[in-house]
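Structural features, examined
For reference, the chains in residue letters:
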Amino acid sequence: MTAQEQQRNEQLNAIGRELDELHLSGELNFDNFKALFHRALAICGPGDDMEMFCHFARGEGWWDWMMQELQNAPSRRVA
């Protein structure tokens, strides 16, 4: 694993921990969800790593918003 990949993984893990902590404390609202989602999206793009948000997209409209954001996000794949 390169240093860049390790840094990316550490950043995503930190976002995952923050997501868990907000959820467990009852403080995960839509604004917090969106902010963490956008941070993760900026780090990894719309890939498999974004699956960590699926479990938390339970509020009304959260899932639809998340799917729309993923569809609109530019791909990081190189042809």
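Residues numbered from 1 in each chain as written. Predicted model: local features only at pLDDT ≥ 70, side-chain atom pairs only at ≥ 80, totals over all residues. Heavy atoms only, no water.

Some thoughts on helix H2 (residues 30–44)
Rule in force here: The secondary structure listing takes helices from DSSP runs of H or I that are at least 4 residues long and strands from runs of E that are at least 2 residues long, numbered from the N terminus. Given the number of residues in a helix, its expected span is that number minus one, multiplied by 1.5 Å. Think of it in three bands: residues with accessible area under 20% of the maximum for their type are buried, residues over 50% are exposed, and the middle band is partly exposed, with areas taken using a 1.4 Å probe on protein chains only. What the arc covers is the set of directions going from the helix axis to the C-beta atoms. Should any heavy atoms of two residues lie within 4.5 Å, those residues are counted as being in contact. The term polar contact refers here to a pair of N or O atoms within 3.5 Å; inside protein, the definition further demands a hydrogen-donor-capable atom paired with an acceptor-capable atom, and it admits residues adjacent in sequence only when both atoms are side-chain atoms.
Taking 1.5 Å per residue as the helical rise, H2 with its 15 residues ought to reach 21 Å, and the 21 Å between its terminal C-alpha atoms agrees with that figure. By the burial criterion, the buried members of H2 are Phe33, Leu36, Phe37, Ala40, Leu41 and Cys44. Angularly, the buried residues of H2 cover 140° about the axis, an arc narrow enough to put them on a single face. Facing away from the buried side of H2, by more than 90 degrees, are the exposed residues Asp31 and Ala42. Close packing links the buried residues of H2 with helix H1 (3–25) and helix H3 (62–72). For H2, the N-terminal cap is Asn29; the gap from its side-chain oxygen to the backbone nitrogen of Asp31 is 3.1 Å.

Concerning the packing of H1 against H2
The test is simple: Axis lines are fitted to C-alpha atoms, over the contacting stretch for helices. Their N-to-C directions set the angle, which ranges from 0 to 180 degrees. Roughly parallel means an angle under 35 degrees; roughly antiparallel, over 145; roughly perpendicular, 65 to 115; everything else is oblique. Lys, Arg, Asp and Glu make up the charged group, whereas Ala, Val, Leu, Ile, Met, Phe, Trp, Tyr, Cys and Pro make up the nonpolar group; the residues left over, Gly among them, are polar.
The N-to-C vectors of H1 and H2 enclose an angle of 170°; their axes lie 10 Å apart at closest approach. When the axes of H1 and H2 are compared, the pair comes out roughly antiparallel. Judged by residue contacts, Arg8, Gln11, Leu12, Ile15, Glu18, Leu19 and Leu22 of H1 engage Asn32, Phe33, Leu36, Arg39, Ala40, Ile43 and Cys44 from H2. Taken together, the residues that form the contact of H1 with H2 break down as nine nonpolar, two polar and three charged.

What about the pattern of salt bridges?
Using the following cut-off: Salt-bridge detection follows one rule: a side-chain nitrogen of Lys or Arg within 4 Å of a carboxyl oxygen of Asp or Glu.
The full count for this structure, using the stated rule, is three salt bridges. Between Arg39 and Glu18 there is a salt bridge whose closest N-O contact spans 3.2 Å. Here Glu18 lies in helix H1 and Arg39 lies in helix H2, a separation of 21 residues in the sequence. When its relative accessible area of 31% is taken as the criterion, Glu18 is described as partly exposed. Here Asp31 makes a salt bridge to Lys34, at a shortest N to O gap of 3.9 Å. One end of the pair is Asp31 and the other is Lys34, both in helix H2 and three residues apart, which spans about a single turn.

Brief notes about the packing of H2 against H3
Stated precisely, the cut-off is as follows: In a left-handed crossing the near helix is turned counterclockwise from the far helix by less than a right angle, and in a right-handed crossing that turn is clockwise.
Viewed as axis vectors pointing N to C, H2 and H3 meet at an angle of 25°, and their least axial separation amounts to 12 Å. With respect to H3, the element H2 is oriented roughly parallel. Like other packed secondary-structure pairs, H2 and H3 cross with a definite hand, here right-handed. Touching Phe30, Phe33, Lys34, Phe37, His38 and Leu41 of H2 are Trp62, Trp65, Met66, Glu69 and Leu70, all from H3. Its residues placed into classes, the contact of H2 with H3 shows eight nonpolar, one polar and two charged.

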